[in-house]
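As a plain string of letters, each chain reads:
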Amino acid sequence: MVTQQVEIERKYDVPGHDRPELALHELEGFTVGEPVEHDMSATYYDTADLQLARAKVALRRRRGGSDDGWHVKYQAGDARGEIHHEPLKTAPTRIPAALRKVLLGLTLGEELTPVATIDTHRTEYPVLGAQGQDAELCLDAVTARDERAGVTRAWFECEVELSRHDLGDEQARTVFDAVEAVLFAAGARTSSSVAKIARALGQDGGDVVRVVEAPGEGKDEDGALSTSGTRLAKNKKVSKDKAKKKAKDKTKSASKGKSKDKSAGKDKGRAASSGKGKDAQKRETSEQPKRTGADVLAAVLDRLVGELQSWDFAVRLGAADSVHQLRVRSRTLRSVLQASRGFISPEVGSDLEKRLKLLAQVLGDARDQEVARERLDALLDAQSADLVSATAARELREAAEHRGDDAARAVRRELDSPAYLQLLRDLRELSRGEGITDEAAQLSPKRFAKTVLGAALNRVLSTAATTATTAPEDPEEVTVSTMAAVVGERVSIPGKDARQTAVAFEVLHETRKAAESARYVSEALAHAHAKAGKKRIRAAVVAKDYQDDLGVVTDAAVMEEWLARVARSLQRTGRDRYAVGLLHGIELSDLRNGLLEAPEILEDLVEDLQETLPEKH
């Protein structure tokens, strides 16, 4: 069985080698029940290049404690969560299929092997309030072995987790503050670690973690942690003697250091007066490799592909807004590839653009259903009960839910497909520099950023200018989407036939997408600390403002088509279509008004961009 829960917890580091003394009797406003002790052992799995760790995800198989089984722990922003799969029926090295599927977008099907084994002696203290147990305080004595490096590390840490899900924010804060006061008094501090696995692999920990065994060496002189978390008594004396010796050595070295500093200061002054110090600094700076446009492009792609994989994981978990965010990352990647066409191998870039477009279509269908649901709720809330009955409103919402479920299943099928997984692998290869041309390496980060963002903004200008004042002379030469063709058939615009109306909508829609792309490119370059120039960045902001205005029209088109499909469905089943007809009429009116205003919006967009952009863009 697989279950998912969101943890509400705080973690704390405990510096030093000794088990902390916690004055739990001083817990203000709460009491502490009898402690319970557990010995737990967890084996952590990851890919060869630690893709799970990079995504702040941990896969482990745990024995001992109250939650034996396979666990997937993850962090998304400030939220932490955990997936449980129990019981432990499979062989130790056989990862349950349900978990492998959830992690597929991160692992890309690569083999998962043990990377660390963590043994924990846990003491659990129930924190009791007026209505029972409000939280649980855990004190962990941890010993962790990095299986690949052969290094064993040890540390102490504490964790406070709420036991009740009905506590309000103020009540939860009161619990945390009370326990935190006792922990801080004992020398603990807020943890800097995401998870135990990060410390087991030596990725963080600072003065909290100590190495107790390294390859080819025995355990350190301080000894390993006992099951109670206390060092062996005989080693305390050794530690004290070492401390005294270190203190003496430190004093000697400090006195020597002062004399050295004085002579060094004189030498430094002489070097500065002769100019040699500056020359040495220049040589040192010149020896450092300069960052190039190729480095910027690789950094942009690496971040975006990582985010794409993280949102893939979120979609598989069913997280809110995850489909939209996955679509944004896929479109951002495609926008960067389009704007960087001169700096990516044509064969590689063109192929990836086409495959990202296919992915965007699947994600776009699901996103359209989300937009329709949100817009439907707003439309229904604005109607009186006399116009739209409760039954009609319920039927429309049920239709939206069913269509949304169908679109979500299509997304999950796409994410499990071999073609999609290969797309992620190929994007990863490009982010490592495979396919980035020498032209990018010859540009500075600033020149590269200006060129790429300039290309994205030029696309906005050229698309918007197509019908900024009039329609193309021969509308038949313009290829229109299915949505645009439908709009042409259903919306009547003075002076335009169906084909001309379809072309007008297509240009509006393409301009909106181009403006969106420019915004994505600008944001991606900013994340990579590549400055494209104030005027170009300002132009991208202008494009975003118009993108929102044009989006109102395209959203109305999405909703109009959705309502028309629902109306046909109701007709086939013989149900009342009055409510859907009413809402459909509202959307048609909004769509028509938007199309009438579109030429003026496009004219203003072109004018504002031309005023904002530098002469050579």
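See above for the structure.
Quick caveat: nothing in here was measured; it's all calculated off a predicted structure. (Residues numbered from 1 in each chain as written. Predicted model: local features only at pLDDT ≥ 70, side-chain atom pairs only at ≥ 80, totals over all residues. Heavy atoms only, no water.)

1. Description of the overall build of the protein chain
So, step 1. Within the protein chain one finds 18 helices and 12 strands.
So, step 2. A buried classification covers 46% of the 617 residues belonging to the protein chain.
So, step 3. Within the protein chain, contacts between residues at least 6 apart in sequence are counted, and of these 73% link residues at least 24 apart.
So, step 4. Counting every atom, the protein chain has about 31,800 Å² of accessible surface; 49% of that belongs to carbon and sulfur. (Helix = DSSP H or I, 4+ residues; strand = E, 2+ residues; numbered from the N terminus. Buried < 20%, exposed > 50% of the residue type's maximum accessible area, 1.4 Å probe, protein only. Contact = heavy atoms within 4.5 Å. Areas by Shrake-Rupley, 256 points an atom, 1.4 Å probe, with all protein chains shown as cover.)

2. Structural notes on the state of the cysteines
So, step 1. Counted according to the given criterion, the structure contains zero disulfides.
So, step 2. You can see cysteine 138 has no disulfide; the closest cysteine sulfur is in cysteine 158, sitting 8.8 Å from it.
So, step 3. Judged by its relative accessible area of 1%, cysteine 158 falls in the buried class. (Disulfide = S-S within 2.5 Å.)

3. Focus: unusual backbone geometry
So, step 1. A positive phi angle, near 55°, is found at leucine 108, a position not held by glycine.
So, step 2. Tracing the backbone through its elements, the reader meets leucine 108 in the loop between helix H3 (104–107) and strand S8 (113–129).
So, step 3. Owing to a relative accessible area of 7%, leucine 108 belongs among the buried residues under this scheme.
So, step 4. You will see that aspartate 321, though not glycine, has its phi angle at about 65°, which is positive.
So, step 5. For aspartate 321, the position within the fold is in the loop between helix H8 (293–317) and helix H9 (322–339).

4. Looking at the packing of helix H10 (residues 346–381) against helix H17 (residues 534–573)
The axes of two packed helices give the description: the angle between them and the distance between them.
So, step 1. It is the contact of H10 with H17, at a shortest axis distance of 9 Å, that shows an interaxial angle of 85°. The orientation of H10 relative to H17 falls into the category roughly perpendicular. Judged by residue contacts, Asp368, Gln369, Val371, Ala372, Arg375, Leu376 and Leu379 of H10 engage Val552, Asp555, Ala556, Val558, Met559 and Trp562 from H17.
So, step 2. A class-by-class count of the residues in the contact of H10 with H17 yields nine nonpolar, one polar and three charged. (Axes fitted to C-alpha atoms, helices over the stretch in contact; angles between N-to-C directions. Parallel < 35°, antiparallel > 145°, perpendicular 65-115°, else oblique. Nonpolar A, V, L, I, M, F, W, Y, C, P; charged D, E, K, R; others polar.)

5. Examining the pairing of strand S4 (residues 36–46)
Regular strands show a simple pattern: their side chains alternate between the two faces of the sheet.
So, step 1. Two elements, S4 and S8, share 11 bridges in a ladder whose sense is antiparallel. What sits directly across from aspartate 46, in S8, is threonine 113.
So, step 2. Strand direction decides the pairing type here: S4 and strand S5 (residues 57–63), joined by five bridges, are antiparallel. Counted as the bridge partner of tyrosine 44 is arginine 60 from S5. (Pairing = 2+ DSSP bridges.)

6. Notes on the side chain of threonine 554
So, step 1. Considering the arrangement of structural elements, one finds threonine 554 in helix H17.
So, step 2. Judged by relative accessible area, which is 3%, threonine 554 ranks as buried.
So, step 3. With residues near it in sequence (within four places) discarded, threonine 554 still touches Phe505, Leu508, His509 and Arg512.

7. With respect to empty space enclosed by the protein
So, step 1. Per the stated rule, a full pass over the model turns up three cavities of 30 Å³ or more.
So, step 2. Here the largest cavity is characterised by a volume of approximately 60 Å³.
So, step 3. Around the largest cavity sit Met40, Ser41, Ala42, Tyr44, Arg60, Arg62, Ile118, Thr120 and Lys196, which together line it.
So, step 4. Counting only elements with at least two residues in the lining of the largest cavity, the list comes to S4, S5 and S8. (1 Å grid on protein atoms, 1.4 Å probe; cavity = no way out; pocket = protein on both sides within 12 Å on 5 of 7 lines; lining within 4 Å. Points joined across faces, edges and corners; volume = space filled by probe spheres on them.)

8. Concerning a positive patch on the surface
So, step 1. The grouping of Lys446, Arg447, Lys531 and Lys534 at the surface amounts to a positive patch.
So, step 2. Summarising the element assignment, lysine 534 is placed in helix H17.
So, step 3. On the basis of relative accessibility, which here comes to 78%, the residue lysine 534 falls in the exposed class. (Patch = residues over 30% accessible without salt bridge, like charges linked within 9 Å, V, L, I, M, F, W, Y side chains within 5 Å. Salt bridge = Lys/Arg side-chain N within 4 Å of Asp/Glu carboxyl O. Lys, Arg positive; Asp, Glu negative; His and termini not counted. Charge placed at Lys NZ, Arg CZ, Asp CG, Glu CD.)

9. Topic: the environment of leucine 139
So, step 1. Residue placement: leucine 139 occurs in strand S9 (residues 132–146).
So, step 2. Expressed as a C-alpha distance, the spacing of leucine 139 and histidine 121, which sit 18 residues apart in the sequence, is 8.3 Å.
So, step 3. Once you skip the residues sitting within four places of it in the chain, leucine 139 turns out to touch Arg19, Pro20, Leu22, His121, Arg122, Thr123, Tyr125, Glu157 and Cys158.

10. What to know about the side chain of glutamine 325
So, step 1. With respect to the helices and strands, the residue glutamine 325 is situated in helix H9.
So, step 2. Judged by its relative accessible area of 18%, glutamine 325 is buried.
So, step 3. One polar contact links glutamine 325 to aspartate 321, side chain to side chain, over a distance of 3.0 Å. (Polar contact = N/O pair within 3.5 Å; in protein donor to acceptor, adjacent residues only side chain to side chain.)

11. Some words on the pairing of strand S10 (residues 151–162)
So, step 1. The buried fraction of S10 amounts to 11 of the 12 residues, a majority that puts the element mostly inside the structure.
So, step 2. Two strands pair when backbone bridges link them, and strand S2 (residues 9–14) and S10 are joined in this way by six bridges, in the antiparallel orientation. Directly across from tyrosine 12, in S10, lies its bridge partner cysteine 158.
So, step 3. Taking the residues between adjacent antiparallel strands as the criterion, S9 and S10 are bridged by four residues, where glycine 150 takes a positive phi near 75°.
So, step 4. Of the strand pairs in this sheet, S10 and strand S12 (residues 210–213) are connected by three bridges, and their pairing is antiparallel.

12. Focus: the packing of aromatic side chains
So, step 1. Scanning all chains against the criterion turns up four aromatic pairs.
So, step 2. On the basis of an interplanar angle of 45° and a centroid distance of 5.3 Å, the ring pair of tyrosine 45 and tryptophan 70 is categorised as tilted. With tyrosine 45 in strand S4 and tryptophan 70 in strand S6 (residues 69–76), the pair connects residues that are 25 residues apart, well separated along the chain. Each member of the pair, tyrosine 45 as well as tryptophan 70, is classed as buried.
So, step 3. Ring centres of tyrosine 74 and phenylalanine 313 lie 5.6 Å apart, and the angle between their planes is 80°; this geometry places the pair in the edge-to-face category. (Phe/Tyr/Trp six-rings, centres within 6.5 Å; stacked < 30°, edge-to-face > 60°.)

13. Section: helix H11 (residues 390–415)
So, step 1. For H11, spanning 26 residues, the distance from its first C-alpha to its last is 37 Å, which sits close to the expected 38 Å at 1.5 Å a residue.
So, step 2. Buried residues along H11 sit in contact with H8, H9, H10, helix H12 (418–431), H17 and helix H18 (578–612). (Expected span 1.5 Å × (residues − 1).)

14. What to know about the layout of surface pockets
So, step 1. If you add up the space inside the largest pocket, you get close to 1,600 Å³.
So, step 2. If you go around the largest pocket, you meet 47 residues; those closest to its centre are Arg327, Gly364, Asp368, Met483 and His509.
So, step 3. Elements with a contribution of two residues or more to the lining of the largest pocket: H9, H10, helix H15 (482–490), helix H16 (498–527) and H17.
So, step 4. No other element matches the 12 residues that H17 contributes to the lining of the largest pocket.
So, step 5. For the lining of the largest pocket, the class distribution of residues is 13 nonpolar, 15 polar and 19 charged.

15. Side note on the pattern of salt bridges
So, step 1. Going through the model one piece at a time under the given rule, you end up with 36 salt bridges.
So, step 2. The salt bridge involving glutamate 353 is made with arginine 341; its shortest N-O contact spans 2.7 Å. Of the two residues, glutamate 353 sits in helix H10 while arginine 341 sits in the loop between H9 and H10, which places them 12 residues apart along the sequence.
So, step 3. With its nearest N and O atoms 2.6 Å apart, the salt bridge here joins arginine 355 to aspartate 351. Of the two residues, arginine 355 and aspartate 351 are both situated in helix H10; the distance of four residues between them amounts to about one turn of the helix.
So, step 4. Among the charged side chains, a network of salt bridges with common partners joins Asp13, Arg122, Asp140, Glu157, Lys196 and Arg199.

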